[in-house]
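Examination of the molecular architecture
The lines below spell out each chain.
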Amino acid sequence: MAVDLLLGLQWGDEGKGKIVDVLTQNYNLISRFQGGPNAGHTLIFDGYKHVLHTIPSGIFHKDAVNVVGNGVVIDPVIFNKEIENLSQFDIDFKNVLLISRKAHLILPTHRLLDAASEKAKGKDKIGSTLKGIGPTYMDKTGRNGMRVGDLELENWKEIFETLTQKHINMLDFYNVELEYDLDALREEFFASVAELRKLTFIDSEEYLHQAIKNNKTILAEGAQGSLLDVDFGTYPFVTSSNTTAAGACTGLGIAPNQIGEVYGIFKAYTTRVGSGPFPTELFDEDGATMAKVGHEFGATTGRARRCGWLDMVALKYACQVNGVTQLNMMKADVLSGFKTLKVCTAYEYKGEVIEHFPYNIEPENVKPIYTEIPGWQEDLTGMTSEDQLPQALLDYIDFIEKGTGIKITIVSVGPDRKQTIER
Ligand code: GDP
Ligand code: IMO
Ligand code: MG
């Protein structure tokens, strides 16, 4: 069977966790292919709310196997806490949560380097989640990293100490004030590694090839969003991995011709957390309403998310880069009550009108050009089928489908698993 992908098309937090959970009933295997604990994927069902950071969002389905792929970066300390938080669920982690030996490890000093780098940047900081993502991927591409498979070597503590010492030297280079207790951090890391080693480490690319050969259904779960991709996002205000479809190939060892459906997920408006340009950002009552009704606070850091209108220029770009075959529109319920909605359909870029996503979208270069669309007033949160949806929402959907040329197959009308309308 082909491998299907689910990817965020904006700046993350589109609702990937919710939809992966909904779709898992159709899949044998769910696998994360990039990112790490910078992600926060929220799942709500049966009155419970869970935020997953590194564990794939298929973990609540008894029959699904969850794979953490080679492209992911794992912090054993955070991973352990995630597992502890799931203790009430009677999950057979050893058999349903498999970890790639080739995944890289986030060391405590990676987190410190992240903090030091941000501090040194001052007002130009990325707004990183401070989980050590950037420094860990730097060590990976710099060929200095430590991998999960290293934990099976007798001298893994030596590998750890050598890398840690290198980081301490780098921290001196940053010359910023940072308080830390290395012994305590080391102790916590070692204790967490002992727990991590109780799980199953695999050669995940081989495991997935066998699964494909045996006709298992596989869904790859993206983290972050396309506009945070290290190549195609709003660089340098991005994360350090390829969040787009190509990242699933390198992050799992899947060939491009093995990719099937590409689910592109987006909010009916736009949010962004952290620094960086955001052409349709709102600083008025409308933005405040989206933030309030949508509870727009980061699932990992608790930071307020910036809010704005839907940006179709960016959305079309993300669809292209990923080869999206189906769209999923989230949080339509949050837009109930707006008299008029605005959708950005072009940019004024250095005095010209353009419809593509240019090199630079800083406010001094780009001004959004909007199309106005009538809003809907109805509360959508109790609706369960397409025929209940108000005409104005169907027109909004139609507008996006025409603009992107891609069908919206899921409309989400609330955070719960059940508040999902398939079309
Ligand atoms: P992810 O990182 O893409 O998995 O998304 P997050 O979990 O970070 O953020 C999405 C937020 O929106 C979470 O709080 C979800 O519970 C919530 N959510 C998801 N879908 C909907 C929806 O259709 N309506 C509303 N109101 N909330 C939603
Ligand atoms: P999910 O998977 C939203 C943002 C950070 C920061 C930038 C770099 O929940 O959608 P990093 O810690 O990766 O070095 O931060 O990327 N960011 C996210 N924003 N959702 C996420 O993940 C994010 N992961 C990172 O806020 O601007
Ligand atoms: Mg999130």
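A brief structural summary. (Residues numbered from 1 in each chain as written. Chains lettered and ligands numbered in written order. Predicted model: local features only at pLDDT ≥ 70, side-chain atom pairs only at ≥ 80, totals over all residues. Heavy atoms only, no water.)

**What to know about the site of ligand 2**
- In the vicinity of ligand 2, 21 residues are found, and the nearest of them are Asp-13, Lys-16, His-41, Thr-129 and Thr-239.
- Contact between ligand 2 and Asp-13: an oxygen atom at 2.8 Å from a main-chain N or O atom of the residue.
- Classifying every residue of the shell around ligand 2 by side-chain character gives eight nonpolar, 10 polar and three charged. (Near = heavy atom within 4 Å. Polar contact = N/O pair within 3.5 Å; in protein donor to acceptor, adjacent residues only side chain to side chain. Nonpolar A, V, L, I, M, F, W, Y, C, P; charged D, E, K, R; others polar.)

**Side note on empty space enclosed by the protein**
- What the rule picks out here adds up to one cavity of 30 Å³ or more.
- Of the volumes computed, that of the largest cavity is approximately 50 Å³.
- For the largest cavity, the full set of lining residues is Leu-9, Gln-10, Trp-11, Leu-227, Thr-270, Leu-310, Asp-311, Ala-314 and Leu-315.
- Elements represented by at least two residues in the lining of the largest cavity include exactly β14 (310-311) and α11 (312-322). (1 Å grid on protein atoms, 1.4 Å probe; cavity = no way out; pocket = protein on both sides within 12 Å on 5 of 7 lines; lining within 4 Å. Points joined across faces, edges and corners; volume = space filled by probe spheres on them. Helix = DSSP H or I, 4+ residues; strand = E, 2+ residues; numbered from the N terminus.)

**Some words on the pairing of strand β19 (residues 408-412)**
- In terms of residue burial, β19 counts as a mostly covered element, since five of its five residues are buried.
- Two strands pair when backbone bridges link them, and strand β15 (residues 326-330) and β19 are joined in this way by three bridges, in the parallel orientation. Residue pairing across strands places Asn-328 opposite Ile-410, the latter belonging to β19.
- As defined by bridge partners, β19 adjoins strand β20 (residues 420-422) across three bridges and the pair is classed as antiparallel. (Buried < 20%, exposed > 50% of the residue type's maximum accessible area, 1.4 Å probe, protein only. Pairing = 2+ DSSP bridges.)

**So, the packing of aromatic side chains**
- By the definition in use, this model includes 13 aromatic pairs.
- Site record: aromatic cluster; members linked through ring pairs are Phe-45, Tyr-48, Phe-60 and Phe-89.
- Positioned over the ring face of Phe-190 is Lys-157, at 4.5 Å from the centre of the ring. (Phe/Tyr/Trp six-rings, centres within 6.5 Å; stacked < 30°, edge-to-face > 60°. Lys NZ or Arg CZ within 6 Å of the ring centre and 35° of its normal.)

**Concerning the site of ligand 1**
- As a structural note, the neighbourhood of ligand 1 is formed by 20 residues, with Lys-16, Gly-40, Thr-42, Asp-333 and Ser-412 the closest of them.
- Between Lys-16 and ligand 1, the recorded distance is 2.7 Å, taken from a backbone N or O atom to an oxygen atom.
- Here ligand 1 loses 93% of its free accessible area of 580 Å² to cover by the protein chains.
- Mapping ligand 1 onto the cavity grids shows that it belongs to the second largest pocket.
- For the shell around ligand 1, the secondary-structure elements that each account for two or more residues are α1 (16-23) and β3 (41-45).
- Considering only residue class, the shell around ligand 1 consists of six nonpolar, seven polar and seven charged. (Areas by Shrake-Rupley, 256 points an atom, 1.4 Å probe, with all protein chains shown as cover. Sits in = over half its atoms within 2 Å of the grid points.)

**Thoughts on the layout of surface pockets**
- Roughly 580 Å³ of internal volume is contained in the second largest pocket.
- Around the second largest pocket, the lining is made up of 27 residues, and of these Thr-42, Gly-294, Arg-305, Lys-331 and Pro-415 lie nearest the centre.
- Mapped by element, the contributors of at least two residues to the lining of the second largest pocket are α1, β3 and β4 (48-52).
- If one sorts the elements of the lining of the second largest pocket by residue count, β3 sits on top with four residues.
- Taken together, the residues of the lining of the second largest pocket break down into nine nonpolar, nine polar and nine charged.
- Looking at which domains feed residues into the lining of the second largest pocket, each of domain 1 (3-100 + 201-262) and domain 3 (267-422) supplies at least three. (Domains from an automatic or database assignment.)

The values reported here are purely geometric and, on their own, carry no functional implication.
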